[in-house]
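# Structural overview for review
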Amino acid sequence: MTFGDLGDVAGLIAAIAFVLLVGFLAVPLWKLGKLLDEARSSVRDVTEHSVPILDEAASTVASANTQLVKVDTITTSAASVSENVSALTGLYAATLGKPLVKVAAFSYGVRQAFGQAKGRAGKHADPNAGATGAGA
């Protein structure tokens, strides 16, 4: 064997080792390519499904805002009704309340006066007057 033949064998072994190395590295790269393809399709699916959801959420928010405007109108009206009822109650108390209190106080005074007058009339009456009038 000559030195040239030994170099050829070494070159052949090196070429085979390089082919094996390239093959060994090609498999993970090929699998990584498939993984990237799957990731791309997953992102596409997520995008296709999220756009309608976002559109529906936007329409729901718009509808909720419309309902909130209606509720605001209702609460404003309710506050106005409450103020009107309060004013009406104050007017009723001022118009009818004071005279009713005066009538009640007057009737209480009259009852007290009649009660005191009845009590005085009972003290001044002659207890024997009823007995003599019954026997005659």
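This is a predicted model, so every value here is computed, not measured.

Rules and cut-offs
In this numbering scheme, every chain counts its residues from 1 along its sequence in written order. Only residues with pLDDT of at least 70 get local features here, since the model is predicted, and only at 80 or more are side-chain atom pairs given and counted; chain-wide, interface and lining totals rely on the full set of residues. Each side-chain value is worked out from all heavy atoms of the structure, with water and hydrogens disregarded. Under the scheme used here, helices are H or I runs from DSSP no shorter than 4 residues and strands are E runs no shorter than 2 residues, and both carry numbers assigned from the N terminus. Burial classes follow relative accessibility: with a 1.4 Å probe on protein chains only, a residue under 20% of its type's maximum area counts as buried, one over 50% as exposed, and anything between as partly exposed. Here the open area of atoms and residues is found with the Shrake-Rupley method and a 1.4 Å probe, where only the protein chains shown may cover a residue. Patches draw on residues past 30% relative accessible area with no salt bridge. Two like charges within 9 Å are joined, as are two nonpolar side chains (Val, Leu, Ile, Met, Phe, Trp, Tyr) within 5 Å. By definition here, a salt bridge exists when the distance from a side-chain nitrogen of Lys or Arg to a carboxyl oxygen of Asp or Glu is within 4 Å. UniProt positions are given in the numbering used here, feature names are shortened, and annotations may be inferred rather than shown by experiment.

### Quick look at the overall build of the chain
Per the secondary structure count, the chain includes two helices and zero strands. Burial status across the chain gives 0% buried among its 136 residues. Summed over all atoms, the accessible surface of the chain reaches about 11800 Å², with 71% contributed by carbon and sulfur.

### Quick notes on a nonpolar patch on the surface
Taken together, Phe18, Leu21, Val22, Phe24 and Leu25 make up a surface patch of nonpolar side chains, about 540 Å² in accessible area. The residue leucine 21 is located in helix α1 (residues 3–124) in this model. A relative accessible area of 45% means that leucine 21 is categorised as partly exposed.

### A word on the UniProt feature "transmembrane region" (unreviewed entry) in the chain
Look at the UniProt record and you will see "transmembrane region" (unreviewed entry) annotated at residues 12–30. Secondary structure content for residues 12–30 is 100% helix and 0% strand, while the C-alpha to C-alpha distance between its ends is 27 Å.

### Re the pattern of salt bridges
Counted under the stated rule, the structure contains one salt bridge. When the shortest N-O distance is used, the salt bridge between arginine 40 and aspartate 37 registers 3.3 Å. Of the two residues, arginine 40 and aspartate 37 are both situated in helix α1; the distance of three residues between them amounts to about one turn of the helix. By relative accessible area, which is 41% here, aspartate 37 ends up partly exposed.

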